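What follows is each chain in one-letter form.
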Amino acid sequence: MRAIHVGFLMLLAFPFIASAHRWPIGVRALAWALGAAGFAVALYQWWEYQPLLVRAGDPNEIDIAVGVVGLALLLGAA
């Protein structure tokens, strides 16, 4: 559930920051895309919950890629 909460907060945070600074429409569209990507990372963690537990300590390439994207988005949102 923590991943879903963080994903939902990213879905809200990126567009909110972009609209609060009144940036151009292109930047706001990028903010929505980043928020959707953050929510997609959360959905991946929710969908792959059992396999992620089984693979703990031995992640595959997709797990690593999703993790790197998730960390980058989390730092960007913070």
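Above this text is the structure in question.
Everything numeric in this text was worked out from a predicted model, so none of it was measured. (Residues numbered from 1 in each chain as written. Predicted model: local features only at pLDDT ≥ 70, side-chain atom pairs only at ≥ 80, totals over all residues. Heavy atoms only, no water.)

Can you walk me through the nonpolar core in this structure?
Side chains of nonpolar character tend, in soluble globular proteins, to be buried together. Counting residues in hydrophobic clusters, the biggest one holds 6 residues: M10, F14, A18, A31, L73 and A77. If you list the elements that add at least two residues to this core, you get α1 (2-20) and α4 (61-77). Setting aside its immediate chain neighbours within four residues, L73 contacts M10, F14, L34, A37 and G38. (Core = buried A, V, L, I, M, F, W, Y, C linked by side-chain atoms within 4.5 Å. Buried < 20%, exposed > 50% of the residue type's maximum accessible area, 1.4 Å probe, protein only. Helix = DSSP H or I, 4+ residues; strand = E, 2+ residues; numbered from the N terminus. Contact = heavy atoms within 4.5 Å.)

What should I look at first to understand helix α2 (residues 25-47) in this one?
An α-helical turn contains 3.6 residues, so any two residues separated by three or four positions project in the same direction. An ideal rise of 1.5 Å per residue puts 33 Å on 23 residues; α2 measures up with 32 Å between its terminal C-alpha atoms. Every buried residue of α2 is listed here: A31, G35, G38, V41, A42 and Y44. Check the buried side of α2 and you find it contacts α1 and α4. (Expected span 1.5 Å × (residues − 1).)

Any chance you could explain unusual backbone geometry here in plain terms?
With the exception of glycine, most residues fall at negative phi, and the peptide bonds are largely trans. One non-glycine residue with positive phi stands out, namely R22, at about 55 degrees. With respect to the secondary-structure elements, R22 resides in the loop between α1 and α2.

Could you clarify how one ought to interpret the pattern of salt bridges in this entry?
When their charged atoms lie close together, side chains carrying opposite charge are able to pair. A full pass over the atoms with the stated rule returns 2 salt bridges. The partner of R55 in a salt bridge is D63, and the shortest N-O contact between them spans 2.7 Å. A single network of salt bridges, built from pairs that share partners, joins E48, R55 and D63. (Salt bridge = Lys/Arg side-chain N within 4 Å of Asp/Glu carboxyl O.)

What is the right way to look at the packing of α1 against α2 in this model?
Two measures define how a pair of helices packs: the angle their axes make with one another and the distance between the axes. Put simply, α1 and α2 touch, their axes get as near as 8 Å, and they point 180 degrees apart. Taken together, α1 and α2 sit at an angle that is classed as roughly antiparallel. Here the residues of the contact of α1 with α2 are counted per class, giving 17 nonpolar, 5 polar and 1 charged. (Axes fitted to C-alpha atoms, helices over the stretch in contact; angles between N-to-C directions. Parallel < 35°, antiparallel > 145°, perpendicular 65-115°, else oblique. Nonpolar A, V, L, I, M, F, W, Y, C, P; charged D, E, K, R; others polar.)

So what exactly am I meant to see when it comes to the environment of G76 here?
By the element assignment, G76 lies in helix α4. The exposure class assigned to G76 is partly exposed, which follows from its relative accessible area of 49%. Distance from G76 to F16, taken between C-alpha atoms, is 13 Å for residues 60 residues apart in sequence.

Would you take a moment to explain the environment of G7 for this structure?
With respect to the secondary-structure elements, G7 resides in helix α1. Assessed through its relative accessible area of 1%, G7 is described here as buried. It is 13 Å that separates the C-alpha atoms of G7 and A72, two residues lying 65 residues apart in sequence. Apart from the residues lying within four places of it in its own chain, the contact partners of G7 are G38, F39 and A42.

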